[in-house]
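So you can see what is in the structure, the chains are spelled out below.
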Amino acid sequence: MSTVEKILLEFEPETRNLLPVLKRISAAFGYVSQKDAQKAAKYFDLPLSRVYETVSFYDLINIKKQPELTIEVCSGTNCAVNGSFEIIREIENLFHVKAGDENNPRIKLEIISCLGQCGEGPVVVVNGKVYTKVTVSGVHGILKEWV
Ligand code: FES
């Protein structure tokens, strides 16, 4: 029995359980694959479109396999004034990626808006871990922790 089948059997096949099941699958694998979405649709006796509708409504559930490393750099005014775009260029050069490119299976570099930690900027978030007062030279040390 697969992990997804075990997750499904933890819940009664009632529509109200669709969201918790999708969250559990996403937590287990990092995303809900097409195959797993089909299994959920069959289990709940729902059209596949309903499963995708639920998945796409919630930001915490991914439908695409996520890259190993997600780097977010704040581009809010305070962070920008203190060098966030220089940090973005440094990361692009370091990993040969472009900010906003969704097709790199290993690394996703995103420019995000203010995180509300303006006095601590530039702010960089790596796989959910927040780093503050980041510098161009300091970002190398941060990223070495992750690669
Ligand atoms: S401007 Fe970067 S946290 Fe507010």
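Since the structure is predicted, the reported quantities are computational estimates derived from the model, not experimental observations. (Residues numbered from 1 in each chain as written. Predicted model: local features only at pLDDT ≥ 70, side-chain atom pairs only at ≥ 80, totals over all residues.)

**Topic: unusual backbone geometry**
Then step 1. The omega torsion across Gly121 and Pro122 is -5°, close enough to zero to call that bond cis.
Then step 2. Its place among the elements puts Pro122 in the loop between β2 (107–112) and β3 (124–126).
Then step 3. For His96, which is not glycine, the phi dihedral falls at a positive 55°.
Then step 4. For Lys133, which is not glycine, the phi torsion reads 50° and is therefore positive.
Then step 5. Structurally, Lys133 can be placed in the loop between β4 (129–131) and α7 (138–144).
Then step 6. Given 13 C-beta atoms within 10 Å, Lys133 falls into the partly exposed group. (Helix = DSSP H or I, 4+ residues; strand = E, 2+ residues; numbered from the N terminus. Buried ≥ 20, exposed ≤ 12 C-beta atoms within 10 Å, placed from the backbone.)

**Re the packing of helix α2 (residues 18–29) against helix α3 (residues 34–44)**
Then step 1. Two numbers describe how α2 lies on α3: the axes approach to 11 Å, and their chain directions differ by 155°. When the interaxial angle is binned, α2 and α3 end up roughly antiparallel. You can see that α2 and α3 cross each other, and the crossing is right-handed. Taken together, the residues of α3 that come into contact with α2 (itself represented by Leu18, Val21, Leu22 and Ile25) are Asp36, Ala40 and Phe44.
Then step 2. Among the residues making up the contact of α2 with α3, the classes are represented as six nonpolar, no polar and one charged. (Axes fitted to C-alpha atoms, helices over the stretch in contact; angles between N-to-C directions. Parallel < 35°, antiparallel > 145°, perpendicular 65-115°, else oblique. Left-handed = near helix turned anticlockwise from the far one by under 90°. Contact = placed C-beta atoms within 7 Å. Nonpolar A, V, L, I, M, F, W, Y, C, P; charged D, E, K, R; others polar.)

**Examining the sheet that holds β3**
Then step 1. Here we have four strands laid out as an open sheet, ordered β2-β1-β3-β4, and mixed in their pairing. Each of the sheet's edge strands pairs with one partner strand only, and the pair in question is β2 and β4. Pairwise comparison of adjacent strand axes, ignoring direction, gives a mean angle of 20° for this sheet.
Then step 2. Running at roughly 155° to strand β1 (residues 69–74), helix α6 (residues 84–95) makes contact with β1, β2 and β3 of the sheet. (Pairing = 2+ DSSP bridges.)

**Observations regarding the domain arrangement of the protein**
Then step 1. Domain parsing of the protein yields domain 1 (3–57) and domain 2 (69–144).
Then step 2. On a C-alpha basis, the centres of domain 1 and domain 2 stand 33 Å from each other. (Domains from an automatic or database assignment.)

**Thoughts on the pairing of β1**
Then step 1. Bridge count for β1 against β2 is six bridges, and the pairing is parallel. From the neighbouring strand, Leu69 faces β2, where its bridge partner is Ile107.
Then step 2. Note that β1 and β3 share three bridges and pair antiparallel. Along β3, the bridge assignment pairs Glu72 with Val125.

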